[in-house]
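An overview of the molecular structure
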Amino acid sequence: MTAFNPSFADKFTFGLWTVGNPGRDPFGQPTRPLLSPAEIVDLLGEAGGVLGVNFHDNDLIPIDANPHEANAIKREFRAALERTGIRVGMGTVNLFGDPVFKDGAYTSNDADVRAYAVHKTMHAMDLAAELGADIWVMWGGREGCETDAAKDPVEALSRYRDAINYLVNYSIDKGHNYKFAMEPKPNEPRGHIYLPTIGHCLAFIATLEHPELVGVNPEVAHEHMAGLNFTHAVAMALWAGKLFHIDLNDQEFGRYDQDFRFGSVNPKHAFNLVRLLEDHSYSGYKHFDSHAYRTSDRDDVVEFARGSMRSYLILKDKARQWNADPMIQELLGVINRDNSSHQLGSYSTESATALKEASLDRTEFASRPLPYEKLDQRTNEILLGV
Ligand code: GLT
Ligand code: MN
Ligand code: MN
């Protein structure tokens, strides 16, 4: 463990679009050469210990490729998977890049565009399933508007639901057996985005035809952009049995969409997250949805991939230390008072009467210690290696 070397059992994955990111941003040209999908897989092989690679349909096969070109790309990609031992984990579809999706895909005002979005998704689902993907991520990049004069947001939700019901039925019908993970992102790239947070997605999923097949894909940066507590968002997904996938990266609160290396901005938040995932035995893929700094060259991109995994493993070890720490355990014993004779239990007329008649000394309760300063300081010291 102390070497912090990843292995396949850690289920770490990267996207073709993440390590393959050439450093283009809204203001500047690429700073690194574009790599082919096979070259990206080789780079991940060099990083070592990576279980899987994920892609949007058009990360692998350009939208205008003919069948002959598509087959050649697939052949090279498969060969790279074989020589590195890396497999495909998650698949997704690009419904945000092409101008046809400028007003959304499943929620577009144009029924032809909505049909094309579902058509494109079904082809993408076939492609990723053929290559071994078992998780289907849905990031509704363009599902939104700039002005609410453009679209009835209630109607948009119905359109969104119709498309997802259709696609889940398609997966069942084709025997793809995908588990679906909806990925919310609050404030980019539309002026306003439908289903902007984990909470919105969970409420939406409950209305679907097959809610059991649809969960969420929370991303650190996305909740942080909205100023929300990511660990709490993930906790709610876990609590609801809906954490089907996770996107790990980092983000300064209140800044542009940074997609920084996991743990690089706020290691304490990252620690809380890793401890949550480990304590609750999350067993799905851990996808690093991030990219190297625009200043990095290929060698530094490899370091970026290694650092992402290494940080996770270091924080996992810190979580183990935290759980085993005598002072932490003692403090947890002080703050958790579960041995009261007044347990809520399930409701009955008798228990309600007994609780109403109980004598409860609020002044004494209020005087009980909650040494959270000491607990947090000890947490920091474990993190800082003191
Ligand atoms: C895009 C987005 C990500 C999503 C990807 C999946 S694409 O980079 O910002 O968070 O996970 O479509
Ligand atoms: Mn992102
Ligand atoms: Mn993401």
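As shown above, the structure is provided for reference.
The present account deals with the structure reproduced in this document. None of these values were measured; they are calculated from a predicted model. The numbering scheme is per chain: residues are counted from 1 as the chain's sequence reads. Both sets of labels track the order of writing: A upward for chains, 1 upward for ligands. Totals for whole chains, interfaces and linings use all residues, but because this is a predicted model, local features are given only for residues with pLDDT of at least 70 and pairs of side-chain atoms are given and counted only at 80 or more. The side-chain numbers reported here are obtained from all heavy atoms of the structure, hydrogens and water having been left aside.

Topic: the coordination of the manganese ion (ligand 2)
- For the manganese ion (ligand 2), the protein coordination sphere consists of Glu219 (OE) and His222 (NE2), at 2.1 to 2.4 Å.
- Water is not part of the atom set, so a site may look incomplete; the donors themselves are N, O and S atoms within 2.8 Å of the metal, or 3.2 Å for Na, K and Ca. A gap of 4.1 Å separates the manganese ion (ligand 2) and the manganese ion (ligand 3), which glutamate 219 links by coordinating each metal.

Considerations on the coordination of the manganese ion (ligand 3)
- In the first shell of the manganese ion (ligand 3), the protein supplies Glu183 (OE), Glu219 (OE), Asp247 (OD) and Asp289 (OD), at 1.9 to 2.2 Å from the metal.
- For four-coordinate sites, all angles between 85 and 135 degrees define a tetrahedron; for four- and six-coordinate sites, opposite donors beyond 155 degrees with the remaining angles between 65 and 115 define square planar and octahedral shapes respectively, and all other cases count as irregular. What the six donor atoms of the manganese ion (ligand 3) show is an angle range of 76 to 168° at the metal, which sorts the shape as octahedral.
- Each donor residue of the manganese ion (ligand 3) lies on the same chain, and together they follow the pattern E-x35-E-x27-D-x41-D.
- Three labels apply to residues, based on accessible area from a 1.4 Å probe with only protein chains included: buried if under 20% of the type maximum, exposed if over 50%, partly exposed otherwise in between. Since its relative accessible area comes to 1%, glutamate 219 is described here as buried.
- Residue aspartate 289 is classed as buried on the basis of its relative accessible area, which comes to 10%.

Details of the side chain of aspartate 10
- Along the chain, aspartate 10 falls in the segment before strand S1 (12–15).
- In this count, Lys and Arg are taken as positive residues and Asp and Glu as negative ones, while His and the chain termini are left out. A side-chain nitrogen of Lys or Arg and a carboxyl oxygen of Asp or Glu constitute a salt bridge if their distance falls within 4 Å. Salt bridges are absent for the buried aspartate 10, whose nearest opposite-charge side chain, lysine 316, sits at 4.2 Å.
- Only 2.9 Å separates the side chain of aspartate 10 from the backbone nitrogen of serine 7, close enough to count as a polar contact.
- Between two residues, a contact is recorded if the distance between any of their heavy atoms is within 4.5 Å. In this view, aspartate 10 contacts Asn5, Lys286, Leu313 and Lys316; residues no more than four positions away in its chain are not counted. Numbering goes from the N terminus for both helices and strands, where a helix is a DSSP run of H or I of at least four residues and a strand is a run of E of at least two. By the criterion applied in these results, polar contacts are pairs of N or O atoms within 3.5 Å in which, for protein atoms, one can donate a hydrogen and the other can accept it, and in which residues neighboring in sequence qualify only through two side-chain atoms.

Quick word on the packing of helix H11 (residues 298–324) against helix H15 (residues 372–383)
- In this description, a line fitted to the C-alpha atoms serves as the axis of each element, helices being fitted only across the stretch in contact, and the angle between N-to-C directions of two axes falls anywhere from 0 to 180 degrees. Between H11 and H15, whose axes approach to 10 Å, the crossing angle comes to 135°. The angle between H11 and H15 falls in the class oblique. Handedness of the H11/H15 crossing: right-handed. Residues Leu315, Lys318, Gln321 and Trp322 of H11 form the contact with H15, whose participating residues are Leu375, Thr379, Ile382 and Leu383. Our angle categories are set so that under 35 degrees counts as roughly parallel, over 145 as roughly antiparallel, 65 to 115 as roughly perpendicular, and the remainder as oblique. In this scheme the handedness of a crossing depends on how the near helix is turned from the far one: anticlockwise by less than a right angle means left-handed, clockwise means right-handed.

Brief notes about the side chain of histidine 222
- As for its placement among the helices and strands, histidine 222 is situated in helix H8 (residues 220–225).
- Using a relative accessible area of 2% as the deciding quantity, one classes histidine 222 as buried.
- Of note is the side chain of histidine 222, whose polar atom sits 2.9 Å from the backbone oxygen of proline 184.
- Discounting residues that sit within four places of it in the chain, histidine 222 has contacts with Glu183, Pro184, Lys185 and Pro186.

Some details on the site of ligand 1
- Any residue with at least one heavy atom within 4 Å of a molecule or strand is counted as near it. Residues in close proximity to ligand 1 include Trp17, His56, Trp139, Glu183, Lys185, Glu219, His222, Asp247 and Asp289, which together make up its full environment.
- Contact between ligand 1 and histidine 222: an oxygen atom at 3.3 Å from a side-chain N or O atom of the residue.
- Between aspartate 247 and ligand 1, the recorded distance is 3.1 Å, taken from a side-chain N or O atom to an oxygen atom.
- All accessibility values rest on the Shrake-Rupley procedure with a 1.4 Å probe; residue burial counts only the protein chains present in the view. Here ligand 1 loses 91% of its free accessible area of 310 Å² to cover by the protein chains.
- When residues are sorted by character, Ala, Val, Leu, Ile, Met, Phe, Trp, Tyr, Cys and Pro go into the nonpolar class, Asp, Glu, Lys and Arg into the charged class, and all the rest, Gly among them, into the polar class. Residue classes in the shell around ligand 1 are distributed as two nonpolar, two polar and five charged.

Everything listed here is a matter of geometry and, on its own, says nothing about what the molecule does.
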